[in-house]
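Below, each chain spelled out in residue letters.
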Amino acid sequence: MRVTFCGTRGSTPAPGLDYTRFGGHTSCVALSHDDEGAERRPTLLLDAGTGLRRLPTLLGDLPFRGTVLLTHLHWDHVQGLPFFRSGDRDDARVTVLLPDQGDDADAEVVLERMMSPPFFPIAPSGLRGEWQFGFVPGDAFATEGFSVVAVDVPHKGGHTVGFRISDGRSSMAYVPDHCPTALGPGPGGIGEYHEGALRLADGVDLLIHDAHLRAEEVEAEGSFGHAAAEYAARLGVTAGARQVALFHHRPERSDAEVERTVCRFAEGPVRVFGAAETLTVAL
Ligand SMILES: [Zn+2]
Ligand SMILES: [Zn+2]
């Protein structure tokens, strides 16, 4: 499979000259099959932050036809939906699957809470094309030719999951928002390496993980719901991942600061890099 980072930022977009290398758009990752002869068009999107606006650069004039999996419903993971040009057109076909939020509302009604007047001019039903909305169907399912495992992860404010995705040959895990200290301090005080996190990351070719914080920030800011870069790297080592992409860069973290964070892991046993908007990784 091919994994393209369309938005790597957490919390809110970060425009400006200090953010050109790792990018300013919020969370969105595009997956495409890499079979010989396959057209390499993304058919599976992970989260719908403002990085969704990058899809026309991957699809050109073609419509998006595929599935969007949402880890949770915070603004930085959904605000790209109304600006999804490749999906908001008559010939698009989009399925959006989100974690149920523990109430009786159906999936489209849940999304309408953030996308409808007076907060936004239209509701999801106003998007052009064929759109379907549903909940993540259990902890293991198949979509768009990928097998998906969804595991609950601790975060803050709303039901959040992480995804593990395989095309039968390679695998990746996507855990953009994760508060491992919610389950205990763990080794070094940066959070527990709990069963769910280990299950998602076990032996994957690529672990994309929350690195909003640095270890020294966890004590003061860990309660905001995020993980440290050091946790992401150590989870990758513990779970036997081949490489770790630090993701969900906090909005004020400049390119130079992200680079300095990545340098902390230069001598480690697993490759660690900073997720950068437009980067494609072939697995
Ligand atoms: Zn987030
Ligand atoms: Zn979040």
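In the block above lies the structure referred to throughout.
Draft legend 1. Main features of the coordination of the zinc ion (ligand 1). At 2.1 to 2.2 Å from the zinc ion (ligand 1) lie its protein donor atoms, namely Asp76 (OD), His77 (NE2), Asp177 (OD) and His248 (NE2). In this structure, the zinc ion (ligand 1) is coordinated by four donor atoms arranged in irregular fashion, with angles at the metal of 90 to 167 degrees. Separating the zinc ion (ligand 1) from the zinc ion (ligand 2) is a distance of 3.4 Å, and Asp177 supplies a donor atom to each of them. On the basis of relative accessibility, which here comes to 6%, the residue Asp76 falls in the buried class. Given the relative accessible area of 0%, His77 is considered buried.

Draft legend 2. Inspection of the coordination of the zinc ion (ligand 2) at higher detail. Protein coordination of the zinc ion (ligand 2) is provided by His72 (NE2), His74 (ND1), His155 (NE2) and Asp177 (OD), with donor distances spanning 2.1 to 2.4 Å. Here the zinc ion (ligand 2) is ringed by four donor atoms whose angles at the metal span 88 to 171 degrees, and the overall shape comes out irregular. Here the donor residues for the zinc ion (ligand 2) map to a single chain with the spacing H-x1-H-x80-H-x21-D.

Draft legend 3. Molecular detail of the nonpolar core. Within the largest apolar cluster, 32 residues are counted, with the highest numbers of intra-cluster contacts made by Leu207, Tyr231, Leu235, Val244 and Leu246. Elements with a minimum of two residues in this core: β10 (171–175), α4 (195–201), α6 (229–239), β12 (243–247) and α7 (255–263). In terms of residues, this core owes the most to one element, α6, which gives six residues. Discounting chain neighbours no more than four positions away, the residues touching Leu235 are Tyr193, Ala197, Leu198, Ala201, Leu207 and His209.

Draft legend 4. Looking closely at the environment of Gly126. Assignment of secondary structure puts Gly126 in the loop between α3 (107–112) and β6 (130–135). Once the C-alpha coordinates of Gly126 and Cys263 are considered, the two residues, 137 residues apart in sequence, prove to be 45 Å apart.

Draft legend 5. Geometry of α6. The buried fraction of α6 is high, at eight of eleven residues. If you check which residues of α6 are buried, you get Ala229, Glu230, Tyr231, Ala232, Ala233, Leu235, Gly236 and Ala239. Looking at the buried side of α6, the elements it contacts are α4, β11 (206–210), β12, α7 and β13 (271–274). Gly240 occupies a position one or two residues after α6 and carries a positive phi of about 75 degrees.

Draft legend 6. Highlighting the packing of aromatic side chains. The tally for this structure, following the rule as stated, stands at seven aromatic pairs. Where Phe64 meets Phe84, the ring centres are 5.5 Å apart and the plane angle is 55 degrees; that geometry is what we call tilted. Residue Phe64 is located in the loop between α1 (55–59) and β4 (65–69), and its partner Phe84 is located in the loop between α2 (75–78) and β5 (93–98); the two are separated by 20 residues in the primary sequence. Take Phe64: its relative accessible area is 0%, and that puts it in the buried class. With a relative accessible area of 0%, Phe84 lands in the buried category. For the pair Phe84 and Trp131, a centre-to-centre distance of 6.2 Å together with 85 degrees between the ring planes defines the contact as edge-to-face. Residue Phe84 is located in the loop between α2 and β5, and its partner Trp131 is located in strand β6; the two are separated by 47 residues in the primary sequence. Here Phe84 and Trp131 have matching classes, each one buried. The structure contains a cluster of three or more aromatic residues connected by ring pairs, namely Phe64, Phe84, Trp131 and Phe133.

Draft legend 7. Here's a closer look at the side chain of Asp34. The topology assignment puts Asp34 in the loop between β2 (28–32) and β3 (44–46). Classification of Asp34 by relative accessible area gives buried; the value is 17%. Discounting residues that sit within four places of it in the chain, Asp34 has contacts with Met1, Arg2, Arg40, Arg169 and Ala282.

Draft legend 8. The arrangement of the pattern of salt bridges in detail. Summed over the entire model, instances satisfying the criterion amount to 13 salt bridges. Residues Glu144 and Arg93 are paired through a salt bridge, measuring 4.0 Å at the closest nitrogen-oxygen approach. Within this pair, whereas Glu144 is found in the loop between β7 (140–143) and β8 (146–152), its partner Arg93 is found in strand β5, the two being separated by 51 residues in sequence. Note on Arg93: relative accessible area 31%, which makes it partly exposed.

Cut-offs and rules
- Residues numbered from 1 in each chain as written.
- Chains lettered and ligands numbered in written order.
- Predicted model: local features only at pLDDT ≥ 70, side-chain atom pairs only at ≥ 80, totals over all residues.
- Heavy atoms only, no water.
- Donors = N, O, S within 2.8 Å, 3.2 Å for Na, K, Ca; no water.
- Tetrahedral: all angles 85-135°; square planar, octahedral: opposite > 155°, others 65-115°.
- Buried < 20%, exposed > 50% of the residue type's maximum accessible area, 1.4 Å probe, protein only.
- Core = buried A, V, L, I, M, F, W, Y, C linked by side-chain atoms within 4.5 Å.
- Helix = DSSP H or I, 4+ residues; strand = E, 2+ residues; numbered from the N terminus.
- Contact = heavy atoms within 4.5 Å.
- Phe/Tyr/Trp six-rings, centres within 6.5 Å; stacked < 30°, edge-to-face > 60°.
- Salt bridge = Lys/Arg side-chain N within 4 Å of Asp/Glu carboxyl O.

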